[in-house]
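Commentary on secondary and tertiary structure
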Amino acid sequence: MKKIAILGSTGSIGTQALDIIENNRDKFSVGVLSCSRRVDLLKEQINAFHPQLVVVEQEKDALFLKRQYPGIEVDFGDKGLIRAACGDWDMVLNSLMGIRGLAPTYHGLAAGNDIAFANKETLVAGGELIMRTAKESGAKLLPVDSEHSAIFQCLQGNRRKDMRRILLTASGGPFRGYSRKELEQVTLAQALRHPKWNMGSKITIDSATMMNKGLEVIEAKWLFDAKLEQIQVLIHPQSILHSAVEFHDGSIIGQMGKPDMRVPISYAFSYPERLENQMEPLDFFSEGANLTFERPDLTVFKNIKLAYDACSMGGSYPAALNGANEVLVQMFLEEKIRFIDIQNTVEQVLNDHEPKYNLDLEGILEIDRQAREDAMRLL
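Source: prediction; values computed, not measured.

1. A few points about the overall build of the chain
For the chain, the count of helices and strands is 16 helices and 11 strands. For a compact globule of 379 residues, the expected C-alpha radius of gyration is about 21 Å, and the chain comes in at 20 Å, within 12% of that figure. Principal axes of the C-alpha set define a box for the chain whose edges measure 55 × 50 × 40 Å. With 379 residues in all, the chain has 56% of them scored as buried. Contacts spanning at least 24 positions in sequence make up 69% of the contacts within the chain whose residues lie at least 6 apart. For the chain, the accessible surface area stands at approximately 16,800 Å², while carbon and sulfur atoms represent 47% of it.

Laid out in C-alpha cells, this is it:
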C-alpha cells in the first residue's frame with residue numbers, strides 16, 4: 001500500500017486525488033493533508049482519511065487543530081510544508097499553487113521522495129535546480145498536468161532520443177478568436193468561465209491569458225529534456241487529445257480521453273500500473289467526432305511567446321516571468337487591474353530584467369520577490 005502526502009488537499013487537484021484514494025483504499029493511504037485557509041474542509045478530510053501529519057498556513061489554525069485532534073501531528077507555514085515533503089512517504093503529491101510549491105519539491109526530492117506534481121511553477125522557476133536534484137537523489141518526478149502526463153504516457157516504451165516533436169495541446173480558453181481590442185474589455189467573471197476544465201481561480205486565469213500554456217512549454221522543456229524548437233503548441237478546442245509526441249520516423253503517438261484530471265492523477269499514483277475507474281468511455285461518434293487544431297495567435301496572446309523567450313534567454317528570466325505573472329493574476333482576481341494588463345506588464349518586467357545564472361533555491365526565491373515588486377511598481 002502506498003502512503004501519499006498531499007500538499008494542497010483542499011484544492012481542485014487535492015480533492016480529486018482524495019476521491020481516487022477513497023475508491024482505492026486497498027492501494028493507497030494518506031500520510032499528510034495540508035491546506036491554506038479552508039480549515040472546515042480540511043477537518044472533513046482529516047475525519048475521513050486519518051493522516052499522520054496536517055499542515056496549515058497560519059499558526060492560529062494549527063493551534064486550533066491540535067486541540068481538535070490531539071493524536072495527529074500539526075504544523076504550519078512553509079517549514080511545515082517542507083517537513084511534510086521530507087517525511088517517510090511513498091509519494092508526495094504537490095498540488096500547491098504558485099512559487100510556494102518550489103521549496104517543498106526541492107527538499108522532498110533531496111530527501112529521496114517521489115514527487116507527483118501539479119505545481120508547474122516548480123519547473124518554470126527552478127527547472128535546472130529541480131532536475132539536478134532529482135538526478136542526484138534518484139527520486140522520480142511524475143507529472144500530473146494533463147498535457148505532461150499525456151506526453152509522459154506517449155514516451156513509455158519509446159526512446160527519448162527518437163523524439164522529434166512534442167505536440168502540446170491547449171483548449172484556447174474562453175477568449176479563443178478574440179482580438180487585442182476585445183481582450184481590453186474582458187471582465188473577471190468572463191475570465192473565470194473556462195469552456196472545458198474545472199480548475200482553481202489562478203490556473204483558470206492563466207488558461208484565459210494563455211500563460212498556462214507558456215509555463216507548460218518551459219515545464220516540458222525541463223521534464224522531457226527537450227529543445228524549445230521541439231515543442232509546438234496546438235490549439236485544440238475539444239480537449240480530447242491531451243498532447244502527443246512525434247518521433248523521427250514520422251509516427252505520432254497521442255493520448256486521448258475525456259477532460260478529467262482524475263486520469264493523470266491516478267496514473268501518477270499507480271505508475272507503471274493503471275487504475276480502473278468508473279468513468280463513461282469516450283464516445284468517438286459524438287465527443288470525438290470533430291477534432292480540430294489551430295495555431296495560437298501569438299500577437300494577441302503574447303504570453304506564449306514571452307514564455308518561449310524567457311526560457312530561451314535562460315538564467316533567472318523564467319523565474320521573473322513566473323513571479324510577475326503570479327502577482328498580476330492575483331491583482332486581476334482582486335479587480336485592481338485589467339485583464340490585458342497581465343501580459344503587457346509581464347512583458348515590461350522581462351524587458352527590464354537583469355538576469356542572474358546558476359541560482360540556488362534562495363536565489364530563485366529572491367528573483368521571484370524582485371519580479372513581483374517590479375510588476376507592482378510598473379502598475
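2. Regarding unusual backbone geometry
Omega for the peptide link from tyrosine 271 to proline 272 comes to 5°, which places this bond in the cis form. Positionally, proline 272 belongs in the loop between helix H12 (262-270) and helix H13 (302-313). The backbone phi angle of aspartate 225 is positive, close to 50°, even though this residue is not glycine. Mapped onto the fold, aspartate 225 is located in the loop between helix H11 (211-223) and strand S9 (231-235).

3. So, the sheet that holds strand S10 (residues 241-247)
Remark on secondary structure: sheet strands pair via backbone hydrogen bonds, oriented parallel or antiparallel. On the basis of which strands lie adjacent, the open sheet formed by 4 strands has the order S9-S8-S10-S11 and mixed pairing. The open sheet is flanked by S9 and strand S11 (252-256), the only strands paired with a single partner. Averaged over all pairs of adjacent strands, the angle between strand axes in this sheet comes to 20°, irrespective of strand direction. Where strand S8 (residues 163-170) lies against S9, 5 bridges are found, and the strand directions are parallel.

4. A few points about a nonpolar patch on the surface
Where nonpolar side chains cluster on the molecular surface, the patch consists of Met256, Phe284 and Phe285 and spans about 370 Å² of accessible area. Structurally, phenylalanine 285 can be placed in the loop between H12 and H13. According to the relative accessible area criterion, phenylalanine 285 is exposed, its value standing at 78%.

5. Topic: the environment of histidine 242
Tracing the chain through its elements places histidine 242 in strand S10. The class for histidine 242 is buried, based on a relative accessible area of 6%. For the pair histidine 242 and glutamine 255, spaced 13 residues apart in sequence, the C-alpha to C-alpha distance is 5.8 Å.

6. Looking at the nonpolar core
Counting residues in hydrophobic clusters, the biggest one holds 120 residues, and the most contacted among them are Ile21, Leu65, Leu93, Val144, Phe269 and Leu321. It is helix H14 (residues 317-333) that contributes the most residues to this core, 11 residues altogether. The contact partners of valine 144, leaving out residues within four places of it in the chain, are Ile13, Leu93, Ala116, Phe117, Ala118, Met261, Pro264, Ile265 and Ala268.

7. Description of the pattern of salt bridges
Any two side chains of opposite charge can pair, on the condition that their charged atoms come close. Under the counting rule described, the total for this entry stands at 28 salt bridges. Salt-bridge contacts for aspartate 75 lead to lysine 79; the nearest nitrogen and oxygen are separated by 2.8 Å. Connected through shared salt-bridge partners, Arg37, Glu57, Asp78 and Arg100 make up one network.

8. Quick word on the pairing of strand S5 (residues 91-94)
Burial along S5 is two-sided: the residues Met91 and Leu93 and Val92 and Asn94 are all buried. Where strand S1 (residues 2-7) lies against S5, 4 bridges are found, and the strand directions are parallel. The partner of leucine 7 across the bridge, within S5, is asparagine 94. In terms of strand pairing, S5 meets strand S6 (residues 115-117) through 3 bridges, oriented parallel. What sits directly across from asparagine 94, in S6, is phenylalanine 117.

9. Considerations on the sheet that holds S5
The parallel open sheet is built from 7 strands, whose spatial order is S4-S3-S2-S1-S5-S6-S7. In this open sheet, the two strands that pair with only one neighbour each are strand S4 (73-76) and strand S7 (141-143). Geometrically, the sheet is characterised by an average inter-axis angle of 25° between neighbouring strands, direction not taken into account. Here S1 pairs with strand S2 (residues 28-34) via 5 bridges, running parallel.

10. Quick notes on the packing of helix H4 (residues 77-85) against helix H5 (residues 102-110)
Any two packed helices are characterised by the angle at which their axes cross and by the distance between the axes. Viewed as axis vectors pointing N to C, H4 and H5 meet at an angle of 30°, and their least axial separation amounts to 8 Å. Seen along the crossing, H4 lies across H5 with a hand that is right-handed. Along its contact with H4, which presents Leu81, Ile82 and Ala85, the element H5 presents Ala103, Pro104, His107 and Gly108. Among the residues forming the contact of H4 with H5, the class breakdown is 5 nonpolar, 2 polar and no charged.

11. What to know about the packing of aromatic side chains
Tallied over the full model, the rule gives 7 aromatic pairs. Chaining the aromatic ring pairs together yields one cluster made of Phe175, Tyr178, Phe332 and Phe339. Over the ring of phenylalanine 76 we find lysine 79, and its NZ or CZ is 4.6 Å from the ring centre. Over the ring of tryptophan 222 we find lysine 221, and its NZ or CZ is 3.7 Å from the ring centre.

12. As for the environment of tyrosine 69
Relative to the elements of secondary structure, tyrosine 69 occurs in the loop between helix H3 (59-68) and S4. For the pair tyrosine 69 and aspartate 19, spaced 50 residues apart in sequence, the C-alpha to C-alpha distance is 23 Å. With sequence-adjacent residues up to four places away left out, tyrosine 69 is seen in contact with Lys43, Ile46 and Asn47.

Calculation notes
Residues numbered from 1 in each chain as written. Predicted model: local features only at pLDDT ≥ 70, side-chain atom pairs only at ≥ 80, totals over all residues. Heavy atoms only, no water. Helix = DSSP H or I, 4+ residues; strand = E, 2+ residues; numbered from the N terminus. Rg over C-alpha atoms; globule rule 2.2 N^0.38 Å. Buried < 20%, exposed > 50% of the residue type's maximum accessible area, 1.4 Å probe, protein only. Contact = heavy atoms within 4.5 Å. Areas by Shrake-Rupley, 256 points an atom, 1.4 Å probe, with all protein chains shown as cover. Pairing = 2+ DSSP bridges. Axes fitted to C-alpha atoms, helices over the stretch in contact; angles between N-to-C directions. Patch = residues over 30% accessible without salt bridge, like charges linked within 9 Å, V, L, I, M, F, W, Y side chains within 5 Å. Salt bridge = Lys/Arg side-chain N within 4 Å of Asp/Glu carboxyl O. Core = buried A, V, L, I, M, F, W, Y, C linked by side-chain atoms within 4.5 Å. Left-handed = near helix turned anticlockwise from the far one by under 90°. Nonpolar A, V, L, I, M, F, W, Y, C, P; charged D, E, K, R; others polar. Phe/Tyr/Trp six-rings, centres within 6.5 Å; stacked < 30°, edge-to-face > 60°. Lys NZ or Arg CZ within 6 Å of the ring centre and 35° of its normal.

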